[in-house]
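Okay, here's what each chain looks like letter by letter:
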Amino acid sequence: MIILGIESSCDETGLALYDSERGLLAHTLHSQIAVHRIYGGVVPELASRDHIRFIVPLVQQVMKEAEVASSQINAISYTKGPGLIGALLVGATFAKSLAFAWGIPAIGIHHMEGHLLAAFLDAKKPNFPFLALLVSGGHTQIIKTNEIGAYELLGETIDDAAGEAFDKTAKLLGLPYPGGPILAQIAERGTPNRFHFPRPMLDRPGLDFSFSGLKTHALHTINQLELNEQDKADVAWAFQDAVVDTLVKKCARAITQTGITELVIAGGVGANKILRQRMSAFAAQNNVNVFYPPLEFCTDNGAMIAYAGYERFKRGKFDQDTAIDVLPRWELDFYL
Ligand code: KG4
Ligand code: ZN
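Below is a short write-up of the structure.

Reading the values: the criteria
Residue positions are counted from 1 within each chain, in the order its sequence is given. Following the order in which they are written, the chains are lettered starting with A and the ligands numbered starting with 1. Thresholds applied to this predicted model are a pLDDT of at least 70 for local features of residues and 80 or more for the giving and counting of side-chain atom pairs; totals over whole chains, interfaces and linings are not thresholded and use all residues. Note that the side-chain values use all heavy atoms of the structure and ignore hydrogens as well as water. Distances up to 2.8 Å from the metal define which N, O and S atoms are donors, and 3.2 Å serves for Na, K and Ca; water is absent from the atom set, so sites may look incomplete. What counts as a helix is a DSSP run of H or I of at least four residues, what counts as a strand is a run of E of at least two, and both are numbered from the N terminus. Burial here depends on accessible area, computed with a 1.4 Å probe over protein chains only, as a share of the maximum for the residue type. Under 20% is buried, over 50% is exposed, and the range in between is partly exposed. In this description, strands pair whenever DSSP reports at least two bridges between them. Only the contacting stretch of a helix is used when fitting its axis, a line to C-alpha atoms as for every element, and angles between N-to-C directions run 0 to 180 degrees. Each reported salt bridge corresponds to a side-chain nitrogen of Lys or Arg within 4 Å of a carboxyl oxygen of Asp or Glu. Expected span, for any helix, means 1.5 Å times one less than how many residues it has. The contact rule is simple, with two residues in contact once any of their heavy atoms fall within 4.5 Å. Near, as used in this document, describes a residue that has one of its heavy atoms within 4 Å of the molecule or strand being considered. N or O atoms within 3.5 Å of each other form a polar contact, as long as, within protein, one can give a hydrogen and the other can take it, and as long as residues adjacent in sequence are counted only when both atoms are side-chain atoms. To measure how exposed things are, a 1.4 Å probe is used in the Shrake-Rupley method; for residues, cover is taken only from the protein chains shown. Each residue is assigned to one class: nonpolar for Ala, Val, Leu, Ile, Met, Phe, Trp, Tyr, Cys and Pro, charged for Asp, Glu, Lys and Arg, and polar for all the others, Gly among them. Source of the domain bounds: an automatic or database domain assignment. Every angle not falling under 35 degrees, over 145, or within 65 to 115 is termed oblique; those three ranges are roughly parallel, roughly antiparallel and roughly perpendicular. Here a crossing is taken to be left-handed if its near helix is turned anticlockwise relative to the far helix by less than a right angle, and right-handed if that turn runs clockwise.

Re the coordination of the zinc ion (ligand 2)
Distances from the zinc ion (ligand 2) to its protein donors, namely His-111 (NE2), His-115 (NE2) and Asp-300 (OD), fall within the range 2.0 Å. For the zinc ion (ligand 2), the single-chain donor residues occur in sequence as H-x3-H-x184-D. With a gap of four residues between them, His-111 and His-115 both fall in helix H4 (residues 111-117), about one helical turn apart. The exposure classification of His-111 matches that of His-115, with both residues buried.

Listed below in structure tokens is the structure:
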């Protein structure tokens, strides 16, 4: 069974072909960094237009690379939400029209389910039930995954997502879009412990997060500096240290609370090197099995949508009509 997966929820057009027998056949990603950089962030209308421009050639590219003809494709999965409405509509309209033309089902996928299942694209796969830390630009959640499709929200951010905090703090440091990975890069040159950032909500019980205060703390710190290159790296180091420490400690708490020792880290911030290092160190000391999707499938991509599509298709869960509806806001735990 071969599924074509299409991701277009934000600023990347991702296409992939997943085969239930052979695994991932081909995938490709078009990033819109060059389009949005001069504006310092994603401009939704430009994102939609760019998806329109690239979606057809990218489908042709993966089909050619995988040597797959349209007649071999069994279903098309696409990101139904959450995300930017225009960007989602491009992917949904294209996917549902093509599926209709080819006489095959279309499958609307929750973007965060895609992230969560990206760990299954690796050879080493988690066992159910597992905990998942979903850390992206729009989400910071700890989810208990009982089985595919059965997700229980244990905790989430009450304000900014971890990725959003990375991006906003990067902006305060004068770093270009996309801020998060660039902040992480300069933090490598930072002086450890020159600054200490607070660990939000660690002193309170529960599994919720709050990251907006870190950005304010960064602003106060920056305002007292001339902000030369070393200052920037030192602030970046302290900020990243606080976010990572908070994420690791909340995961530790979730593990103690549930007794579940399988942990998946997913979403764009899951690509962060220090997060991976500290989480792995914690896991090694506490007999926890931690799983990371391959790096390129941590941030947005088509492969995770193709894989999630395969899991849904197998269960007979696909769109029942040709109506095109997307959900810019959509809770994962109400997804069943
Ligand atoms: O999952 P993703 O690609 O898109 C969303 O669904 O939001 O995540 C993007 C987020 C951005 O906020 C970006 O700054 C952050 O992930 N990110 C990182 C790193 N790579 C991406 N944050 C910290 N360190 C990284 N290496
Ligand atoms: Zn994402």
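Read on for the rest.
Digging into the sheet that holds strand S1 (residues 2-7)
Two pairing modes exist for strands in a sheet, parallel and antiparallel, and in both the strands are linked by backbone hydrogen bonds. Taken in spatial order, the five strands line up as S3-S2-S1-S4-S5 in an open sheet, and their pairing is mixed. Edge positions in the open sheet fall to strand S3 (23-31) and strand S5 (106-110), since each of these has one partner strand only. Averaged over all pairs of adjacent strands, the angle between their axes in this sheet comes to 20°, without regard to strand direction. Note: S1 against strand S4 (residues 75-81), four bridges, orientation parallel. For Ile-6, the partnering residue across the bridge sits in S4 and is Tyr-78.

Some words on the pattern of salt bridges
Should the charged atoms of two oppositely charged side chains come close, the side chains can pair. Enumeration over the complete set of coordinates arrives at 19 salt bridges. Note that Lys-215 and Asp-160 form a salt bridge whose closest N and O atoms lie 3.1 Å from each other. Highlighted residues: Lys-215 in helix H7 (residues 212-223) and Asp-160 in the loop between strand S8 (150-156) and helix H5 (162-172), separated in sequence by 55 residues. For Asp-160, a relative accessible area of 7% gives the class buried. Salt bridges here are not isolated pairs; linked through shared partners, they connect Arg-199, Asp-241, Asp-245, Lys-249 and Arg-278.

Examining helix H3 (residues 85-102)
Side chains three or four residues apart in an α-helix point the same way, a direct result of the helix having 3.6 residues per turn. A rise of 1.5 Å per residue sets the reference length of H3, with its 18 residues, at 26 Å; its end C-alpha atoms lie 25 Å apart and thus fit the reference within 8%. Tucked inside the fold, the buried residues of H3 contact S1, helix H2 (44-66), S4 and S5. Gly-103, located one to two residues past H3, shows a positive phi value of around 70°.

Focus: the site of ligand 1
In the vicinity of ligand 1, 18 residues are found, and the nearest of them are His-115, Gly-137, Asp-167, Asn-272 and Asp-300. Between an oxygen atom of ligand 1 and a main-chain N or O atom of Gly-137, the distance comes to 2.8 Å. Between Asp-300 and ligand 1, the recorded distance is 3.0 Å, taken from a backbone N or O atom to an oxygen atom. Considering ligand 1 on its own, with 550 Å² of exposed area, one finds that the protein chains cover 86% of that surface. Mapped onto the shell around ligand 1, the elements with two or more residues apiece are H4, H5 and helix H6 (179-187). In terms of residue class, the shell around ligand 1 is made up of five nonpolar, eleven polar and two charged. Each of domain 1 (2-116 + 297-313) and domain 2 (126-292) accounts for three or more of the residues forming the shell around ligand 1.

Here we look at the side chain of His-51
When you line up the elements, His-51 lands in helix H2. Residue classification places His-51 among the buried positions, given a relative accessible area of 0%. For His-51, the side chain forms a polar contact with the main-chain oxygen of Ser-8, separated by 3.5 Å.

Looking at the packing of H7 against helix H8 (residues 229-258)
Contact geometry of H7 with H8 gives a least axis separation of 11 Å together with a crossing angle of 160°. Taken together, the axis directions place H7 and H8 in an arrangement best described as roughly antiparallel. Seen along the crossing, H7 lies across H8 with a hand that is right-handed. Here Leu-214, Thr-221 and Ile-222 of H7 come into contact with H8, specifically with Val-235, Phe-239, Ala-242 and Val-243. When grouped by side-chain class, the residues that make up the contact of H7 with H8 number six nonpolar, one polar and no charged.

A closer look at helix H10 (residues 302-314)
Over its 13 residues, H10 extends 18 Å from the first C-alpha to the last, a length consistent with the 18 Å expected when each residue adds 1.5 Å. Within H10, the full set of buried residues consists of Gly-302, Ala-303, Met-304, Ile-305, Ala-306, Tyr-307, Ala-308, Gly-309, Tyr-310, Glu-311, Arg-312 and Phe-313. Structurally, H10 contributes buried residues whose contacts are with S1, strand S2 (12-19), S3, S4, S5 and H4. Gly-316 lies just past H10 and shows a positive phi near 70°.

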